[in-house]
Amino acid sequence: MSHWVLGEFGSDLALVEALRVLRAQGYQRLDAHTPFPVDAVFEALSLGRSRLPLLALVAGLGGAGFAYLTQWFTNAVDFPLDVGGRPLHSAPTSLPIAFELGVLSAALMIFGALMVLFGFPHVTHPVFDAEAFRSASVDGFWASVLVEDAGDGLAHVEKLLRDAGARRVAVVVAEAGT
Amino acid sequence: MRPPALPRFEGGQRLWMSSAGVGVVGLVATGVGALLDVREALYGYLFGFIYWLGLCLGTLLLLASFHASNARWPVVLRRTLEVTGATVPVFLVLFVPVGLGMARLYPWVTPSPELGEHALQVLAHREPYNTVPRFLLRAVGYFLAWGLVGHFLLRWSVRQDTEGSTRWTAWQRRLGSGALPVIGLAFSFMTLDWLMALDATWQSTVYGIYVYSGATVGALALVVVAGVATRDTQHFGRLLTPGHYQRLGTLLFAFICFWAYIAYSQYMLIWVASLPEEVTWYLVRMHGGWGAVSWALILGHFVLPFAVLLSRELKQRPRALAGVALWMLLLHAVDTAWLVLPALSPSRAHLPWTALTAWVGVGGCAVAFAVWRSRGMYPVPVGDPFLVHSLQVRQP
Amino acid sequence: MSQVDPQVPAPGDALVTHPLLTGRHSDAEYSESLLAYVHAPPTRAWWMLLGVGLTGTALLAVAVGVTLWVGVGAWGNNIPVAWAYGITNFVWWIGIGHAGTLISAILLLFQERWRSSINRFAEAMTLFAVTCAGLFPLLHLGRPWKFYWLIPYPSTLRAWPQFRSPLTWDIAAVGTYLTVSLLFWYLGLIPDLATARDTARTHRARFWYGLASLGWRGSARHWRQWRTGYLLLAGLATPLVVSVHTLVSFDFAVAQLPGWHTTVFPPYFVGGAVFSGFALVLTLLIPARKALGLEQVVTLAHLDNMARVLLVTGWVVAYGYIQEHFFAWFSGNPYEQHVTWAQHVGPYAPLFWLQIFCNVLVPQLFWVARLRTNTAVLWGASLLVNVGMWTERFLIVVSPLSMDFLPSAWAAYRPTWVDWSLLVGTMCFFGTAFLLFLKFVPAVSMSEVKELRREVDESERFREELGGAP
């Protein structure tokens, strides 16, 4: 049974220091929980770059292309409709909807992809079992370590966290599969 | 924490003298062209004149906008903007051929019966605005507005170099923001007087903004090119960081999009309403060789730079960004030619050789003046309280 | 974090008179003070305002009911003035929404830090304003229950919508705008909802905020993706907001009607939208920052900046007027000239001069630095700008229609009680939604204020270092 060992630090700097120590000790399954995004934490965890821009670009181009083709097909092919002598396939008037649908598709893709990446909604994550963890969204800077074996490993991590200056330490049981 | 001290700019002797030489040769060649075909030479000259004047005024408007928004990051660029914006007097002198040739450029001066009855009526209606003395008076007014603003923005900034008082920053900000409506309106009416009037009766209320958007793209591109060109010298380019290029690239990207937006809006509205007095202007530009030029603009002035500038990495790489900027300076010339030259030969795309000589001539003179003017000045406003902030700018 | 970012104006900087944050507070204190209003039981004033709002919303329901029952004939429009209050209100409301997107998205892209305290607030306004706006074209359809005819679906009618009409573009624009604004707002809200969950005093509040925050736990991996996604949405929202009011302006400008067909409409409409939107943000923000005690995070610096935006966009609008009037004369087209001239001296002349006063003259006050931070002046001016911008839209919509090419077809327009009720009713609905927002959602983004606090600190430290080593 694996556990999350959580430690709360008073400042972002202390948290970054603790994460460095943990990584140096060989712990790889680390995370941090902060009330606002902290660049130094991203660096300490060596998080890579997000792939979202590419996804958004593809979705946006797809949506725009779909909208353009739809307008062309409906007004020029399937049901040709002469409006004031303008060409059946008139690019200038097809661009607005193509643009709007491109933006809409990209935005939905971004939001949807974020939800999938976050695994949201997920309101019962084990970290919420620790009452003290409530400070993570207020003024606490938490480090979390996933430890596979119970017993010595847990105690060792707890000690590491305390030595690094953690104000509070908590241990919660991780869900299967996380 | 202090900025690395750059010495006063004392070089540039060869640059300004050779630019002036090239400029004079270009102007003389254009003059010779005028002896052969005065109409062609005048249109060619107007193209070159508007191109460089647009860069100068785009820079001036950008500088005033930076002051109006109290921006800190562009302080390191400011001396370059100031010197470029203060080149207005050259253009006053270079305006003389346009003033002399106005009868051959602008149909309203001596309307020919070929224009048709309707156009003649419209031109008669416009007479209170369109008279030669008023045209010239307005031109003087425009130059006075731009010239004074450019002059004082540079002068106060230079005084701050030695005196260091923040009072000068406050004064520059006041002048920069307060003058924006005046120099903006002067710009807008300039586009009517010197460009839109090439067509006897055609009009579009967004035209001034279109020209402004293109000129700003050119001005931003010019700053990027100047920065990269002076990277290894004792000039401002040495102090530019990826953070500055990132911001300049973002602004360039934004104004390229703005240009496309205005161009599309104007085209779509005229195309869809299809009124006979409006569509002629676009009909000329959609057929013959001009149609190809229009496509080149859509692809080269928007689609390609848009796709390239989406990349964050590229915007932070000075040399790559300078490549895009050079490309935009070229396409801005195409854009200017697209505005001016179809009035010369509506039925086929035609680039008179005098356009090239005039472009070189006007450009040489303007560059020479700017370089000559900036000698003895610090390459950055060393007395500005926010220069250190600007130098510390980090990548967003 | 360890890098300095001196771009944020800090107290004590040369020429900085109003800091972005006043006083020094810890993260916990910010959470507490910014959530105090959410966690405390509603005040009497809140209940009273809500009562007024709900009464007006009831009026809106009645007016909508009458419109559905009687048809658009219940409104004052008739040929030749086929568009009137409905479209005026649509344009006005959607313009108001634009300030929210501008503050959130464009200022984020330009890294203007003064957005942080007011973006949440302005985005909420966007959502409610766009909802109000969308109501009008929907009702204007005449048979709103057939609205789906505007969407291309393979129907048994074997016909498709006509995509060369700006009315179909509007559906795409308003629908996209509402959706993207909602996603952007909600994405920004998730971390703050988690804070509300974690500071909730009752079990019920904790439960609901817990659900709404979807399980946000401030994970660094999530923050990393969140920030990218948020920036991307901002990047999308920026051209979107421009496109929306552009398409609204196309509704008029694609026509051949004098007074409507002019190419400057797109940028001029966008400028006007931002102008009126910022005015409404000020109208609501000035009382709200007092009532909610937000003076330390929404400081005079914010008011000063917004007044500057009013001045700039006021000039954009003024430029539009200049272009319209000059070229109406310059064109030599008698119809264009008449439409413009009739505005100055005709039946709508008082409205025209009111518009010039409110939109052109009033903003000029803000050349004076002292007036930019005088809340009373600012509030009064923002109200006048709202009035002026509504008047402008009314004049754009109605006056060309009532006097077009054929004098024998000219007719004046008079609103009915239903028209007035719809206008007042949407305002009350907007107010109601806004009160609920203030009660249930943190009105200032806490995570951003905490981040900003650190940036201001860094900037201050930077300045001190400078002072220490001359």
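Nothing here was measured: the structure is a model prediction, and the numbers come from that model. Along each chain, residue indices are assigned from 1 in the same order as the chain's sequence is written. Think of it this way: whatever chain is written first is A, whatever ligand is written first is 1, and the rest follow in order. For a predicted model such as this one, the threshold for reporting local features is a pLDDT of at least 70, and the threshold for listing and counting side-chain atom pairs is 80 or more; totals across whole chains, interfaces and linings nevertheless cover every residue. Note that the side-chain values use all heavy atoms of the structure and ignore hydrogens as well as water.

Asker: Before we go on, may I ask you to explain the interface of chain C and chain B in this structure?
Answerer: Quite often, the size of an interface is put as the accessible area lost when its parts meet. Contact with chain C, which involves 48 residues of that partner, is made by 54 residues of chain B. By buried area we mean the combined loss of accessible area, with a 1.4 Å probe, across both parts when two parts are placed together. Between chain C and chain B, roughly 4,400 Å² of surface is buried when both sides are summed, and carbon and sulfur atoms account for 66% of that area. On the chain C side of the interface with chain B, the three residues burying the most area are Gln7, Thr263 and Phe330 of chain C, jointly 16% of the side's total. Note on definitions: salt bridges are taken to be side-chain nitrogens of Lys or Arg within 4 Å of carboxyl oxygens of Asp or Glu. Viewed at the interface, chain B and chain C are joined by zero salt bridges. Any N or O atom pair separated by 3.5 Å or less is treated as a polar contact, with the protein-specific requirement of one donor-capable and one acceptor-capable atom, and with residues adjacent in sequence counted only for side-chain atom pairs. Remark: the boundary between chain C and chain B carries 14 residue pairs in polar contact (both at pLDDT 80 or more). Runs of E in the DSSP output that reach at least two residues are strands. Runs of H or I that reach at least four are helices, and both are numbered from the N terminus. Those elements that provide at least two residues to the side of chain C that touches chain B are α7 (220-253), α8 (265-291), α9 (300-330) and α15 (446-468) of chain C. A total of nine residues in the side of chain C that touches chain B trace back to one element, the largest contributor, which is α9 of chain C. Residue contacts are defined here by distance: any two heavy atoms, one from each residue, within 4.5 Å place the two residues in contact.

Asker: Quick question: what am I supposed to make of helix α15 (residues 353-374) of chain B here?
Answerer: For an α-helix the count is 3.6 residues per turn, leaving residues at separations of three or four pointing the same way. The end-to-end C-alpha separation of α15 of chain B is 32 Å, in line with the 32 Å expected for 22 residues at 1.5 Å each. Phi for glycine 376 of chain B, located one or two positions after α15 of chain B, is positive at around 85°. Helix span is expected to be 1.5 Å times the residue number reduced by one.

Asker: Whenever I open this one, the domain arrangement of chain A confuses me. Can you help?
Answerer: Boundary definitions for the domains trace back to an automatic or database domain assignment. Partitioning chain A into domains gives domain 1 (3-49 + 127-173) and domain 2 (52-118). Between domain 1 of chain A and domain 2 of chain A, the C-alpha centre-to-centre distance is 45 Å.

Asker: Even after reading the chapter, I still don't get the sheet that holds strand β3 (residues 141-147) of chain A, so can you show me in this structure?
Answerer: Each strand in a sheet pairs with another by means of backbone hydrogen bonds, the pair being arranged parallel or else antiparallel. Residues and elements named next belong to chain A. Two strands pair under a simple rule: DSSP has to find at least two bridges between them. With antiparallel pairing, four strands are arranged side by side in an open sheet as β2-β3-β1-β4. Of all the strands in the sheet, the pair left with one neighbour each is β2 (30-33) and β4 (168-173). Taken over all neighbouring pairs, the strand axes of this sheet differ in orientation by 20° on average, direction set aside. Strand direction decides the pairing type here: β2 and β3, joined by four bridges, are antiparallel. Pairing of aspartate 31 across the sheet is with serine 144, part of β3. Across the sheet, helix α5 (residues 152-163) touches β1 (3-9), β3 and β4, and the angle it forms with β1 is around 10°. To get an axis, a line is fitted to the C-alpha atoms, and for a helix only the part in contact is used. The angle between two axes follows their N-to-C directions and goes from 0 to 180 degrees.

Asker: Which parts of the structure should I look at to understand the packing of helix α3 (residues 85-109) of chain C against helix α14 (residues 417-440) of chain C?
Answerer: Angle between the axes and distance between the axes are the two parameters that describe a pair of packed helices. Residue and element names in this part refer to chain C. Between α3 and α14, whose axes approach to 10 Å, the crossing angle comes to 20°. In terms of their interaxial angle, α3 and α14 are classed as roughly parallel. Between α3 and α14 lies a crossing of right-handed hand. Contact residues: Tyr85, Asn89, Trp92 and Trp93 in α3; Asp419, Trp420, Leu423, Thr426, Met427 and Phe430 in α14. Should an angle fall under 35 degrees it is taken as roughly parallel, and over 145 as roughly antiparallel, whereas 65 to 115 is taken as roughly perpendicular and any remaining angle as oblique. Crossing chirality is assigned from the near helix's rotation relative to the far helix, an anticlockwise turn below a right angle marking it left-handed and a clockwise turn marking it right-handed.

Asker: Could you clarify how one ought to interpret helix α7 (residues 132-163) of chain B in this entry?
Answerer: Helix length check: α7 of chain B, at 32 residues, gives a terminal C-alpha distance of 46 Å against a target of 46 Å (1.5 Å per residue), a fit within 8%. Backbone geometry just downstream of α7 of chain B places glycine 164 of chain B in the positive-phi region, at approximately 75°.

Asker: Before we go on, may I ask you to explain the interface of chain A and chain C in this structure?
Answerer: Facing the 65 residues of chain A at the interface are 61 residues of chain C. The largest per-residue losses of area from chain A upon contact with chain C belong to Phe36, Glu100 and Arg134 of chain A, which jointly make up 11% of the total buried on that side. Salt-bridge contacts for arginine 227 of chain C lead to aspartate 39 of chain A; the nearest nitrogen and oxygen are separated by 2.7 Å. Connecting chain A to chain C are 25 residue pairs in polar contact (both at pLDDT 80 or more).

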